[in-house]
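Structural description and commentary
Here are the chains, one letter per residue:
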Amino acid sequence: MSQTFYIHPDNPQTRLLNQVVNILNDGGVIAFPTDSGYSLGCLLDNKSGVDRICQIRQLDKNHNFTLMCRDLSELSSYAFVDNATFRLLKNNTPGKYVFILQASKEVPRRLMNEKRKTIGLRIPDNKIDLALLELLGQPLMTATLILPNDDQAQSDPDEIEDKIGYQLDAIVHGGYIGQQPTSVIDLTNDYPTVIRKGSGDTKPFE
């Protein structure tokens, strides 16, 4: 059964987040709040954790995973970012976006899009996430917490505990979060392509 950590959304408690970091470093899988609903997360090199997330969500190997990074410097270690792309990212992060970029060799091949060798990356605008990533010192491998037969992300941590708590190591309880899906922007071509219009403003990419 998972441990639940009640984290203040505006003033995250470092002591509690350090316990979550320890769970992640020990190979754990967590549910945690983002600025677009709750997500599942584990460390990038945690193959069994990725397998558990795929099992919870019933995902196949073609699913596009997302790396959540604390800042542009970290993001640039996991993707190829030229000057024009960097300026575009700088002007639109942090925020409710997932950017599709060419993955660097730092990303395990099993997490890339098999054909295109791409990876989704995001820099959240959520104080809990940013504090957790800062303490962790590396990105989180994430997948939106959409349960099988659902079409929206889970938004209530108490429901998450009831439904899948037995499959998780920790739940970061950051309160109820309404449905605010990210906008997905493909930056692998000469011009940005809006893959999905969500709560992030897509006008800069159109």
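Note: the structure precedes this text.
Residues numbered from 1 in each chain as written. Predicted model: local features only at pLDDT ≥ 70, side-chain atom pairs only at ≥ 80, totals over all residues. Heavy atoms only, no water.

Quick look at the pairing of strand S5 (residues 97–102) now. Counting buried residues in S5 gives 5 out of 6 residues, a clear majority hidden from the surface. Pairing analysis gives 4 bridges linking S5 to strand S9 (residues 183–186), with the strands arranged parallel. Paired with Phe-99 across the two strands is Ile-185, which belongs to S9. By the bridge criterion, 4 bridges tie S5 to strand S6 (residues 118–122) in an arrangement that is antiparallel. In the strand pairing of S6, Phe-99 is matched with Leu-121. (Buried < 20%, exposed > 50% of the residue type's maximum accessible area, 1.4 Å probe, protein only. Helix = DSSP H or I, 4+ residues; strand = E, 2+ residues; numbered from the N terminus. Pairing = 2+ DSSP bridges.)

Once that is clear, we can look at helix H6 (residues 157–164). All of the buried residues along H6 are Pro-157, Ile-160 and Ile-164. Around the axis of H6, the buried residues are gathered within 55° of arc, so they sit on the same side. Tucked inside the fold, the buried residues of H6 contact strand S2 (30–34), strand S3 (37–43), helix H2 (47–57) and strand S8 (170–173). Where H6 begins, the side chain of Asp-156 points an oxygen toward the backbone nitrogen of Asp-158, at a separation of 2.9 Å. (Arc of directions from axis to C-beta. Contact = heavy atoms within 4.5 Å. Polar contact = N/O pair within 3.5 Å; in protein donor to acceptor, adjacent residues only side chain to side chain.)

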